[in-house]
Amino acid sequence: MQQPSSNNKLPKGVLEKPKDTKSVILRLSKYLFYNKWLLLLAVLLAITSNLLALVGPMLSGYAIDAIEPGVGAVNFKTVFYYTGWMIVFYLLSSVLTYNLSVLMMHISQKVSKRLREDLFIKLVELPIGYFDTHQSGDLISRFSYDIDVIGNSLSTDVVQICSSIITVIGAFIMMVIISPILVMVTLVTIPLSILYTKYMTSKVRPLFRKRSEKLGRMNSFVEEMVTAQKTIKAYARENTVMDKFRIINDEAIEAYYNADYYSSIVGPTVNFINNLSLSLVTVFGALLYLFGKMTLGNISSFVLYSRKFSGPINEAANIVSELQSAAAAAERVFRILDETAEKADIPDATDLTEVEGNVEIKEVSFGYSKDKIIIQKLNLMAKAGGLIAIVGPTGAGKTTIINLLMRFYDVLDGIITVDGHNINELTRKSLRKAYAMVLQDTWVFHGTIYENIAYGKENATMEEVIEAAKAARIHSYIMRLPEGYHTVLNEEGVNISKGQKQLLTIARAMLMEAKMLILDEATSNVDTRTEIQIQKAMRNLMHGKTCFVIAHRLSTIRNADLILVVDNGNIVEQGNHKDLIKKQGFYYRLYESQFE
Amino acid sequence: MAARVAGDAVKHIRNDLFEKIQQLSGAQVDFFSIPSLVSRMTSDTYNVHQMIGMMQRMGVRAPIIIIGGILITATLDPVLTLILAGTLPLLGMVVYIVTKKGIPLYSAGQEATDRMVRTVRENISGIRVIKALSKTDYEKDRFAENNKAVVARELKAGITMAVIKPAMNLLLNLGLTLVVIVGAYRVNDGVSETGKIVAFLSYFTMILNAVLGITKVFTILSKAGASSKRISEVLNEEEDLKIEEITNSDEKSNIDYHIVFDNVSFTYNKREKSGVKLDDDLASIINISFVLKKGEALGIIGSTGAGKTTLVNLLMRYYDVEKGAIFINGRNIKTYPLQELRSRFGVVFQNDSIFADTVKENIDLSRGLSIEQIEDGAKDAQAYDFIMQLGFGDGEDTGYEYPIATKGLNLSGGQKQRLLISRALAGNPEILILDDSSSALDYRTDSNLRKAMRDHFKETTKIVIAQRISSIMNMDHILVLDEGQLIGYGNHEELLQTCEIYEEIYQSQMGDES
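Residues numbered from 1 in each chain as written. Chains lettered and ligands numbered in written order. Predicted model: local features only at pLDDT ≥ 70, side-chain atom pairs only at ≥ 80, totals over all residues.

Caption draft 1: Focus on the overall build of chain B. Assigned secondary structure in chain B consists of 19 helices and ten strands. Across the 514 residues that make up chain B, the buried fraction comes to 47%. (Helix = DSSP H or I, 4+ residues; strand = E, 2+ residues; numbered from the N terminus. Buried ≥ 20, exposed ≤ 12 C-beta atoms within 10 Å, placed from the backbone.)

Caption draft 2: Local environment of the overall build of chain A. Scanning chain A from N- to C-terminus turns up 20 helices and twelve strands. Counting only contacts in chain A whose residues sit at least 6 apart along the sequence, the fraction spanning at least 24 positions is 80%. (Contact = placed C-beta atoms within 7 Å.)

Caption draft 3: View of the sheet that holds strand S10 (residues 546–550) of chain A. All names here are of chain A. Pairing in this open sheet of six strands is mixed, and the strands run S6-S9-S10-S3-S11-S12 from one edge to the other. The outermost strands of the open sheet, each flanked by one partner alone, are strand S6 (435–438) and strand S12 (570–575). Recorded for the sheet is a direction-independent mean angle of 15 degrees between the axes of neighbouring strands. Its contacts with the sheet put helix H11 (residues 398–405) on strand S3 (387–391), strand S9 (516–520), S10 and strand S11 (562–567), and the angle it makes with S10 is roughly 150 degrees. (Pairing = 2+ DSSP bridges. Axes fitted to C-alpha atoms, helices over the stretch in contact; angles between N-to-C directions.)

Caption draft 4: Main features of the interface of chain B and chain A. Between chain B and chain A, the residue contacts involve 128 residues of the former and 128 residues of the latter. Of all the elements, helix H7 (residues 164–189) of chain B adds the most residues to the side of chain B that touches chain A, at 13 residues.

Caption draft 5: Quick peek at the packing of helix H4 (residues 76–125) of chain A against H7 of chain B. Packing of H4 of chain A against H7 of chain B brings their axes to within 9 Å, and their N-to-C directions diverge by 175 degrees. The orientation of H4 of chain A with respect to H7 of chain B, classified from their angle, is roughly antiparallel. Across from Phe76, Val79, Thr83, Met86, Ile87, Tyr90, Leu91, Ser94, Thr97, Tyr98 and Ser101 of chain A in H4 of chain A, the residues of H7 of chain B making contact are Lys165, Pro166, Asn169, Leu170, Asn173, Leu174, Thr177, Val180, Ile181 and Ala184 of chain B. (Parallel < 35°, antiparallel > 145°, perpendicular 65-115°, else oblique.)

Caption draft 6: Region of interest: the pairing of strand S9 (residues 477–482) of chain B. For S9 of chain B, a buried count of five out of six residues is recorded, marking the element as mostly surrounded by other parts of the structure. Counted along the chain from S9 of chain B to the antiparallel partner strand S10 (residues 485–490) of chain B, the turn is two residues long, and its residue glutamate 483 of chain B has a positive phi close to 45 degrees.

Caption draft 7: Just the confidence of the model for chain A, in detail. Summing up the model confidence of chain A, the mean pLDDT is 80 and the portion of residues at 70 or higher is 89%. Confidence drops under pLDDT 50 across residues 1–18 of chain A; counting only partners more than four residues distant or on other chains, this segment forms 41 contacts. (pLDDT = per-residue confidence, 0-100.)

Caption draft 8: Representation of the sheet that holds strand S4 (residues 323–328) of chain B in the model. All names here are of chain B. The antiparallel open sheet is built from four strands, whose spatial order is S2-S1-S4-S5. Here the strands that pair on one side only, and so sit at the sheet edges, are strand S2 (285–292) and strand S5 (331–332). Pairing of strand S1 (residues 259–266) with S2, which is carried by five bridges, proceeds in the antiparallel orientation. Across the sheet, residue valine 264 finds its bridge partner in S2, namely isoleucine 288.

Caption draft 9: Here's a closer look at the pairing of strand S4 (residues 413–418) of chain A. All names here are of chain A. In this structure, strand S1 (residues 359–366) lies alongside S4, joined through five bridges in antiparallel fashion. Within S4, the residue paired with serine 365 across the bridge is aspartate 413. Pairing of S4 with strand S5 (residues 421–422) involves two bridges; the strand directions are antiparallel. Bridge pairing in S5 links threonine 417 to asparagine 422.

Caption draft 10: Highlighting the environment of glycine 61 of chain A. All names here are of chain A. Tracing the backbone shows glycine 61 in helix H3 (residues 36–67). The exposure class assigned to glycine 61 is buried, which follows from the 26 C-beta atoms found within 10 Å. C-alpha separation for the pair glycine 61 and isoleucine 299, spaced 238 residues apart in sequence, amounts to 7.7 Å. The residues touching glycine 61, leaving out its near neighbours within four places in the chain, are Gly297, Asn298, Ser300 and Ser301.

Caption draft 11: Just the nonpolar core, in detail. The biggest cluster of nonpolar side chains holds 183 residues, and the ones touching the most others in it are Ile390 and Ala507 of chain A. It is H4 of chain A that contributes the most residues to this core, 18 residues altogether. Residues within four places of isoleucine 390 of chain A in sequence aside, it is in contact with Lys398, Ile401, Phe548, Val549, Ile550, Ala551, Leu564 and Val566 of chain A. Counting residues in hydrophobic clusters, the runner-up holds 118 residues, among them Ile232 of chain A together with Val347, Leu411 and Leu432 of chain B. (Core = buried A, V, L, I, M, F, W, Y, C linked by C-beta atoms within 7 Å.)

Caption draft 12: Here's a closer look at the environment of threonine 78 of chain A. Relative to the helices and strands, threonine 78 of chain A is located in helix H4. Sequence spacing of threonine 78 of chain A and alanine 63 of chain A is 15 residues, and the spatial spacing of their C-alpha atoms is 6.6 Å.

Caption draft 13: Just unusual backbone geometry, in detail. Positive phi, normally seen in glycine, also occurs at alanine 236 of chain A, with a value near 50 degrees. Turning to its location among the elements, alanine 236 of chain A is positioned in the loop between helix H8 (229–234) and helix H9 (238–290). Its 19 C-beta neighbours within 10 Å are what place alanine 236 of chain A among the partly exposed residues. With a phi close to 55 degrees, serine 366 of chain B is a non-glycine residue in the positive phi region. Its location among the elements puts serine 366 of chain B in the loop between helix H12 (359–364) and helix H13 (371–380). Overall, the presence of 14 C-beta atoms within 10 Å leaves serine 366 of chain B in the partly exposed class.

Caption draft 14: Here's a closer look at the environment of arginine 211 of chain A. Residues and elements named next belong to chain A. By the secondary structure assignment, arginine 211 is in helix H7 (residues 180–227). For the pair arginine 211 and glutamate 254, spaced 43 residues apart in sequence, the C-alpha separation works out to 8.4 Å. Apart from the residues lying within four places of it in its own chain, the contact partners of arginine 211 are Ala255, Tyr256 and Ala259.

Structure follows, in structure tokens:
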């Protein structure tokens, strides 16, 4: 298929601007809220399991108080009592944590599933033009890689954030309960570490953005160059390309390093600040102990809590970087979801039934963009059973007319009618069903031969399929396969030849019994015997249908009732073969040049 | 500091890998397949980078904390330290068992993902047919099924792996409880003090945090382990195309001829274990012999899968011949250094690459051609006129400075082919090869191109592979290939008489059958 927007400066992908992270995260959380009850349960679980874990240090503190009397005076009953409870709480907490992870896994998979589904539904509803201007690899990676990143982040990071918050708050409360005075001591350093973390994350964020940007650049360079390796070798450009790669690689590594470096400083520095506070706590704690204001067990619990308190802050930088990559991935997914889908049918659209196949194009103007009209006031009448040939250089816009007939694009001006109905007032589904289509770019999918032929007709019986295959002259070939009609075709149909693929799609079109046919004649010549088979099958197919043929063969062109000559997107001439030859214009030169 | 080391290591791995990929022979590239090479270069090196970085951050700091912590606790109370040390192997076992169970589950998940991706890919490539047949709803259902399978498999893997963290947490906390109990006995017996136990617990918690941090490394480790295996697979490939010494027998071939194919046979070897799918057009050739004098033009025609492209692949030494030999200027091509050999050619392959760069650079490819040479190439390739129109109206870079989008997305099919031909013609190559590269040109442009080649490239030996008989029927020699065998050789008139298949092709394209 050729490019409709041949003078777009750059494909859309390049011009996409980053959105702001906040709105992306907000939108992503909407997906989370589709499972709000599960999410609520998860949050409850997170709170309980972390609270249970928080009880641990308190209990160990009591146990230590029971040890404190020293040699020979340890109160074992109390020690066992509290350690027993410790085991119970830790066990409970672990079981809950496990259940929580499983629950989060379910939630994140549900979100991924829904995202993927939404993405796919959007994909098949996008207008054809989208596929002409975007790379399939990029689209596919959004299904696999990007959604994966989002899922991973949701399943781990959300829990981690929840439990971090609870741990920090819980630990703080416990500390206050044990000794408000000691908390005052830690309070000296807490703002310090919070402010520091906040400052660093704001500093690190642009670095992470730069890092993904550079990495993306390297990835696309690699993709481009590895794909082009045959060409690069042909022109012996290996060294030049290597030099370019070195620079891009250096930049990517440098960006990675910068982001990593600053985010890795955060943890140890915060740790240092915390240790500072810990030594303060120890000193003051010792004083309080000496004055009998605090037990040893209390001090122990307090220290353990303050360690728990600082743990999540250490991890903050890691979580932030993961969230940021998830946000970037989500952004790529949402960008497709935001594309405008094919316009809906008008509200009172009617179904096209009992088609005869009279097609008329009246005063039609069209351009892929409004400021570049490529079809000017085209008029054309195709009577039922007629043959319209469209000729001209590839890339000149021959498929444009097909795009309009099948309403892959809408006309800007004028109307197209089928049996007198304006096609804009018909349902797309019924209009498209009225056409059978055989494209040069044959398409078969992973499935049996039967499924591939029956694709266009719901509930086709095996008899009908066999009949179509016979008419398409592929039946005997199919019967020679070990599993006949139930043979499964590989991806892209690699286990059958190009010619046979062509015959399969002819059989598929044959089965549809449509009154109108769109045919893109194959230029690639498959082996000569199959070629002749294909032509015979095509003639069977064309019988009694209104045919629009993108013609490459002289025999087709000469027999056409009407020939449209297309150049640079414009229809430059129309008429039958004789008239056009007589005219000695573009068509004449085109025709003659074949014999030079 | 640590991050710097990681970066350096990955930088070198990437550079080496990229260099290696550029040196791979055609057979080796087929073996790995291009998409797989790209993903090894990108996501696999990224995984390794992440792992090294993470290992250094967590993997170095955490062991230091763990070992340091153990040493300090040992001075506090050696017996209690035994408890602490005892829990560590248990943790290792948990990780080992769970990952061992988890990895096959992850692979199963990957398979389901592959199926899902296949459906997406089919939908993108067949979007016209799907829309034309109004099968959108059917495809949605098909995708939903795939999607469900992915979710089911991934959940299974995820739930298994989720055991690690709580299990480790539990083990460590049980150890901690044990410390309190044993500590109680030791204090009671007078061998330890309460204060020491308090300090011990504090260190224990610190170690606990460090160990939990490492669990994250484990998941990345298993991912990066697979990645580094994929990377080293490529790096360990041996050099395939060795340059041979010139011997007397290499000179025996007649110097009068520019290119000689002497009884050449070749089959694409499918290496074991490969899931390589060969392109339709990759076909073996059997006992092909022909000679070309300097400046002559050869047309090659034949059905898909006849082996036309194979001839080019062998001549430019992307693959080595199996039997026979190829000579250029009387010297076996195996004796030329690869870059020297290939720099003799100007070539356009089928589906050749266009780079996201300016028009000028796409023609020049950093060969340092003069602007005159580039312009001559463009004119001969019938590309000059459209290049001159590029970008006008946008007010930015125009003509030769016009930026081409990735894969030439902002050019039409015919424009792309003409740009590629400009590249091949610019610089006046010794040998010109056009492999089915004028199919998108209209007959008129095609014939102008042929005329330019005749008039301006008298010294260049030309090899043109075409589907259209009109593109090659005026060549000095025409070679007809069928299923890898040469079934006709001569000029147009001769072949019409002697080669039945040639005549059939001619009739089907030019004749009037009705």
